[in-house]
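Fold and contact review
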Amino acid sequence: MARGKIQIKRIENQTNRQVTYSKRRNGLFKKAHELTVLCDARVSIIMFSSSNKLHEFISPNTTTKEIIDLYQTVSDVDVWSAHYERMQETKRKLLETNRNLRTQIKQRLGECLDELDIQELRSLEEEMENTFKLVRERKFKSLGNQIETTKKKNKSQQDIQKNLIHELELRAEDPHYGLVENGGDYDSVLGYQLRFHQNHHHHYPNHALHAASASDIITFHLLE
């Protein structure tokens, strides 16, 4: 059966439209390839989908630029002139911006001031004063942070010094303070002292034992 004619109009369904585009694009590229092989033709196809996705075909052993250059030669149309003019205009603007920036930098260094009128000089002076104000504020903030950090370090060193002095005072009052035998640590000795005191308080609840201080009992036991 012969295929029925398809009405040429926009396909409303997006999925069907994408499928049709893909199939017909491949078919078109296939025909372009056949023309290249069978007829020794140079073919270039540039396509953009509805989502602006580029698809292109170019005959082997040639480039798109060569095709466009050949088109310009044959049709006497300058395709690149408009693009070249836009590039030249962009270049001119960039050079002008660069010159202005260089001049502004020199003016802020005290150079190229003769070409400025009194109003421009006042504006430049006001701008420089505002800049100096911002720099001073930033400097004072940085100094404040450094001072605060130094104070915290000094406070930490003072706390360490006070702890050391307190430790020395305790050692001066009690020669056996902090004494640890057989390589034991301070925490284990402290726990042992507390247990020793509790056990003796439980087994010997006499007045003399109660009258004795915990430090006396503990020191006596450690020196045995």
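Keep in mind that what you see is a predicted model, and the values were worked out from it rather than measured.

Cut-offs used in this document
Residues numbered from 1 in each chain as written. Predicted model: local features only at pLDDT ≥ 70, side-chain atom pairs only at ≥ 80, totals over all residues. Heavy atoms only, no water. Helix = DSSP H or I, 4+ residues; strand = E, 2+ residues; numbered from the N terminus. Buried < 20%, exposed > 50% of the residue type's maximum accessible area, 1.4 Å probe, protein only. Contact = heavy atoms within 4.5 Å. Areas by Shrake-Rupley, 256 points an atom, 1.4 Å probe, with all protein chains shown as cover. Pairing = 2+ DSSP bridges. Salt bridge = Lys/Arg side-chain N within 4 Å of Asp/Glu carboxyl O. Expected span 1.5 Å × (residues − 1). Polar contact = N/O pair within 3.5 Å; in protein donor to acceptor, adjacent residues only side chain to side chain. pLDDT = per-residue confidence, 0-100. Patch = residues over 30% accessible without salt bridge, like charges linked within 9 Å, V, L, I, M, F, W, Y side chains within 5 Å. Lys, Arg positive; Asp, Glu negative; His and termini not counted. Charge placed at Lys NZ, Arg CZ, Asp CG, Glu CD.

Concerning the overall build of the protein
If you tally the helices and strands in the protein, you get 7 helices and 2 strands. For the protein, the sequential pattern of α-helices and β-strands runs α-β-β-α-α-α-α-α-α. Counting every position in the protein, which comprises 224 residues, the buried fraction comes to 11%. For the protein, contacts bridging at least 24 residues in sequence account for 23% of all contacts bridging at least 6. On the protein, roughly 19500 Å² of surface is accessible, and the fraction owed to carbon and sulfur atoms is 55%.

What to know about the pairing of strand 2 (residues 54-58)
Residues His55 and Phe57 line the buried face of strand 2, whereas the alternating positions Leu54, Glu56 and Ile58 sit on a face that is not buried. Where strand 1 (residues 44-48) and strand 2 come together, 5 bridges link them in antiparallel fashion. If you follow Met47 over to strand 2, its bridge partner there is His55.

Thoughts on the pattern of salt bridges
Charged atoms that come close allow side chains of opposite charge to pair. The full count for this structure, using the stated rule, is 8 salt bridges. Glu127 is the salt-bridge partner of Arg108, the closest N and O atoms lying 2.3 Å from each other. Here Arg108, found in helix 3 (residues 81-108), pairs with Glu127, found in helix 4 (residues 118-173); they are 19 residues apart in sequence, far enough to count as distant. Its relative accessible area of 37% is what places Glu127 among the partly exposed residues.

Notes on the pairing of strand 1
The two faces of strand 1 differ: Ile45 and Met47 on one face are buried, but Ser44, Ile46 and Phe48 on the other face are not. Where strand 1 hands over to strand 2, the hairpin turn is made up of 5 residues, of which Asn52 adopts a positive phi near 65°.

Digging into helix 4
For helix 4, built from 56 residues, the straight-helix expectation of 82 Å at 1.5 Å per residue is met to within 8% by its first-to-last C-alpha distance of 81 Å. With a side-chain oxygen lying 3.3 Å from the backbone nitrogen of Gln119, the N-terminal cap of helix 4 falls on Asp117.

Remarks on the confidence of the model for the protein
Taken over all residues, the pLDDT of the protein has a mean of 79, while the share at 70 or more is 76%. Scored below 50 in pLDDT, residues 185-197 shows 14 contacts in the model against residues more than four places distant or in partner chains. Within the model, the stretch residues 200-224 combines pLDDT values under 50 with 20 contacts to residues more than four positions away or in other chains.

Side note on helix 1 (residues 14-39)
Between its first and last C-alpha, helix 1 extends 37 Å over 26 residues, near the 38 Å set by a 1.5 Å rise per residue. Listed as buried for helix 1 are Arg25, Phe29, Ala32 and Thr36. Elements in contact with the buried residues of helix 1: strand 1 and strand 2. Two or three places before Thr15, at the start of helix 1, stands the capping residue Asn13, its side-chain oxygen 3.0 Å from that residue's backbone nitrogen.

Comments concerning a negative patch on the surface
Among the surface-exposed residues, Asp114, Glu115, Asp117 and Glu120 lie close enough to one another that they form a single negatively charged patch. Within the secondary structure, Asp117 sits in the loop between helix 3 and helix 4.

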